[in-house]
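Single-letter residue listing:
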Amino acid sequence: MSISLPVIPLATPGQRYSCHGCGHCCRDFTVQLREADRERLDRQAWTARLGFDPTIKLRGQHYLRQREDGSCIFLKSDGRCQVHAEFGFEEKPIACRFFPYMLSPASASVRMGVSFACQSVVENKGSVYNAQAGEAQRMAGEIPEALAPAGEAHLARKRPAEPGELEGLERRLVPWIGGPEPLATRLDGLAWLASTLAAANLDRVRGSRFVELVDTLVTHLADELPHHPVAPAEPRERMLLRGAVFARLEDPKLAIGGRLGRWAGALEQGWRYWRWRGENPSRLVPRVRGLDGPAVTFGAVESVHGIMQSPALTECDELLTRWIRASIEGGRVWGSGYYGWSAVDGLFALSLSTACVGWVARLSAAMAGRTAPDLTDLRVAVRRIDRSAGRAPWLGGNTERVRLAWFRQYGELRRVLAEQY
Ligand code: SF4
């Protein structure tokens, strides 16, 4: 007998979402099909109407076919979905209907998160999000694994969480992120906390003692940080950050993947990765989907001020706070919502992603000729970085783990983070 767990609404206050038909998700994402989706499309007789099969099979999985620019074959020139227009919302593939809901099951319940790849979510437009849990649960009935019990997250690697530990961690993190300290201090504090917990031997600090430890660390964080000043990042650390940005922006498209094949595709990806590395500031930043404007050099990006200098600091602070909070409260930082990673590893990855958001916002500002990012730049950056979080297989793989381990052991994540804010 299969068990369907209850969906816990997102706790982040004030988060909103309704679809505004921007069509970005139909250009951004590759839609994997379930058997029921393929049956629905067959009934709609697209192959006969289009003269070709609108689905393709790649490495054993079925997907919606994409155009050369990566957009879905059903995306119309007016930005609307042809399946939706002709057959209605319920006839679209479940992945299309479900976006931007994100469900993360644990042992007794499922967290309802939200993807900030969605423009309406980033701009906070539409209905109150946490009131939509019933709708998410109804649709998730078509994705049984999204409502099936999963293992509880670990606190650290090889260290299963004891009852109350993760809740205690979250209870202290959320007020810190939304607290009164300046944005840069709060982000620095998050990275410092992740580094401190990663370095600590938590085997001897269990249950309520762990929660007390976190409580003490967070209570004294604002006083403690000035005693641990942040030096400028080393060139190698900046290069590592650019590698992390590349990994988060990486956007392989079916049309290209299918044409090149597995090995040529891997070589081509290696070439693109190489172009993001190197220390030459006069090298041009490769093109990034969703960022329009003239090409700029890596040096130009690094000359843009951090987000604390933004003329829209209040709005940028609101967006970053909401994004981080919704990521934590939506179960997207550790456990089943983030590659089954432990809380400590997940917090570390979140801090690195936050640094990547800052870097992409500076890139967007450089392309627009601004000296500091504004809200438009930050929105683009959050959308681009969040789209891969918990989804792109390589971000849960060994390369990312090695990158994080390097930052943990030899580098200093706080340094690259501070340079972006
Ligand atoms: S099927 Fe429709 S909703 Fe889904 S990606 Fe294609 S155009 Fe968008």
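This text gives an overview of the structure that appears in the document. (Residues numbered from 1 in each chain as written. Predicted model: local features only at pLDDT ≥ 70, side-chain atom pairs only at ≥ 80, totals over all residues.)

Running from N to C, helix 9 (residues 183-199) and helix 16 (residues 343-367) point in directions that differ by 145°, and their axes come no closer than 9 Å. As for how helix 9 packs across helix 16, the hand of that crossing is left-handed. Together, Leu187, Leu190, Ala191, Ala194, Leu197 and Ala198 of helix 9 and Val344, Leu347, Phe348, Ser351 and Thr354 of helix 16 make up the contact between the two elements. Tallied by class, the residues present in the contact of helix 9 with helix 16 amount to 9 nonpolar, 2 polar and no charged. (Axes fitted to C-alpha atoms, helices over the stretch in contact; angles between N-to-C directions. Helix = DSSP H or I, 4+ residues; strand = E, 2+ residues; numbered from the N terminus. Left-handed = near helix turned anticlockwise from the far one by under 90°. Contact = placed C-beta atoms within 7 Å. Nonpolar A, V, L, I, M, F, W, Y, C, P; charged D, E, K, R; others polar.)

The linkage connecting Phe99 with the following residue, Pro100, adopts the cis geometry, with an omega of 10°. One non-glycine residue, Arg59, lies in positive phi territory at about 50°. Note that Arg59 resides in the loop between strand 3 (55-58) and strand 4 (61-64). Despite not being glycine, Lys158 shows a phi value in the positive range, around 60°. When you line up the elements, Lys158 lands in the loop between strand 8 (154-156) and strand 9 (159-160).

Below, the discussion takes up the site of the ligand. The environment of the ligand is formed by Cys26, Val31, Leu64, Cys72, Phe74, Leu75, Cys81, Val83, His84, Lys92, Pro93 and Cys96. Classifying every residue of the shell around the ligand by side-chain character gives 10 nonpolar, 1 polar and 1 charged. (Near = placed C-beta within 6 Å.)

Okay, helix 8 (residues 165-177) next. Compared with the 18 Å implied by 1.5 Å per residue over 13 residues, the 18 Å span of helix 8 between its first and last C-alpha is a close match. Listing the buried residues of helix 8 in full gives Glu165, Leu166, Gly168, Leu169, Leu173 and Ile177. Taken end-on, helix 8 shows its buried residues confined to a sector of 160°, consistent with a single buried face. Within helix 8, the exposed residues directed more than 90 degrees away from the buried face are Glu167 and Pro175. (Expected span 1.5 Å × (residues − 1). Buried ≥ 20, exposed ≤ 12 C-beta atoms within 10 Å, placed from the backbone. Arc of directions from axis to C-beta.)

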